[in-house]
Every structure is written in structure tokens, then in C-alpha cells.
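Chain by chain, the residues run as shown.
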Amino acid sequence: MTLQELTEQIRTKVTHADNINATVKLVTDAGVVYIDATQSPAIVSNDDKPADCDLQVSIDNLVKMSTGDLNPMMAVMMGKLKIKGDMGIAMKMGQIMG
């Protein structure tokens, strides 16, 4: 999956993610996906801006989490997903992305 495909997939999933009310940055091996869910609909871009929560994960592991092949909590414990910032926001993202 390319960064552009990932960005479009995330854009579709978080369009009405009003319950997040924060900014999230996915830092992948292919680049950055920035989600501004402080407004509705959420704005998704590839801008590398500061966010309330940074999630560092490879695209491969992100795909595995979205298909259910990798549990997000296990990914954190195994070091495949690193979270910087607000853990509550990361958990909300997990519900939307799953």
C-alpha cells in the first residue's frame, strides 16, 4: 500500500470522527498522515505538523491492525506501534481504524 492509498483510506474512515476532537499524526515508513479531527469533516493531509498524538507504525503493521490480523495493544507491547502524546486519543483512533 502506498502512502497515497493509505491517506485516502484514512480520509474515508475519519470523515465524521467528531468524537476525537484532536489532531493525530501517523508516522509511517512511507511518510506522514496528519489528521485534524478538531473540525467536521476531519481534514486528512500529508503535512508534517505537530499533533496532540503521534502514532509511529509501519504501513504493513497498520494494514494488519485494520484487517484484525494485529491487535493494537499487542502492537504497542511488541514495539510495533509507538505512541507519543495523549493515550486516550490513540485509543479513539484504534476504534475508528479497526
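Preceding this paragraph is the structure being described.
Residues numbered from 1 in each chain as written. Predicted model: local features only at pLDDT ≥ 70, side-chain atom pairs only at ≥ 80, totals over all residues. Heavy atoms only, no water.

(A) Representation of the sheet that holds strand β3 (residues 43–45) within the structure. Within the open sheet, the 5 strands sit side by side as β3-β2-β1-β4-β5. Their pairing is mixed. In the strand order of this sheet, the two ends are held by β3 and β5 (81–85), each with one partner. Ignoring which end each strand starts from, the neighbouring axes of this sheet average 15° apart. Contacting β1 (23–28), β4 (53–57) and β5, helix α2 (residues 59–67) crosses the sheet at an angle of about 100° to β4. (Pairing = 2+ DSSP bridges. Helix = DSSP H or I, 4+ residues; strand = E, 2+ residues; numbered from the N terminus. Axes fitted to C-alpha atoms, helices over the stretch in contact; angles between N-to-C directions. Contact = heavy atoms within 4.5 Å.)

(B) Fine view of helix α4 (residues 87–97). Along α4, the positions that sit buried rather than exposed are I89, A90, M93, I96 and M97. The buried side chains of α4 occupy one side of the element, clustering within an arc of 120° when seen end-on. Across from the buried face of α4, at angles greater than 90 degrees, the exposed residues are M91 and Q95. For α4, the elements touching its buried residues are α1 (3–13), β1, β2 (31–36), β4, α2 and β5. (Buried < 20%, exposed > 50% of the residue type's maximum accessible area, 1.4 Å probe, protein only. Arc of directions from axis to C-beta.)

(C) Broad picture of the environment of G31. Looking at where G31 falls in the secondary structure, it is placed in strand β2. Judged by relative accessible area, G31 falls into the partly exposed class, the value being 21%. Between the C-alpha atoms of G31 and Q4, which are 27 residues apart in sequence, the distance is 9.5 Å.

(D) Spatial organisation of the side chain of N61. Relative to the elements of secondary structure, N61 occurs in helix α2. Ignoring sequence-local partners within four residues, the contact set of N61 consists of L70 and K80.

(E) Quick peek at the nonpolar core. Counting 28 residues, the largest nonpolar core has I10, V14, I20 and I35 as its most contacted members. Elements with a minimum of two residues in this core: α1, β1, β2, β4, α2 and α4. Residue contributions to this core peak at 5 residues, all from α4. (Core = buried A, V, L, I, M, F, W, Y, C linked by side-chain atoms within 4.5 Å.)

(F) Main features of unusual backbone geometry. Backbone torsion omega between S40 and P41 reads 0°, so that peptide bond is classified as cis. For P41, the location among the structural elements is in the loop between β2 and β3. Not every positive phi belongs to a glycine, and N21 is a case in point at roughly 50°. In this fold, N21 is placed in the loop between α1 and β1. For N21, a relative accessible area of 55% corresponds to the exposed category.

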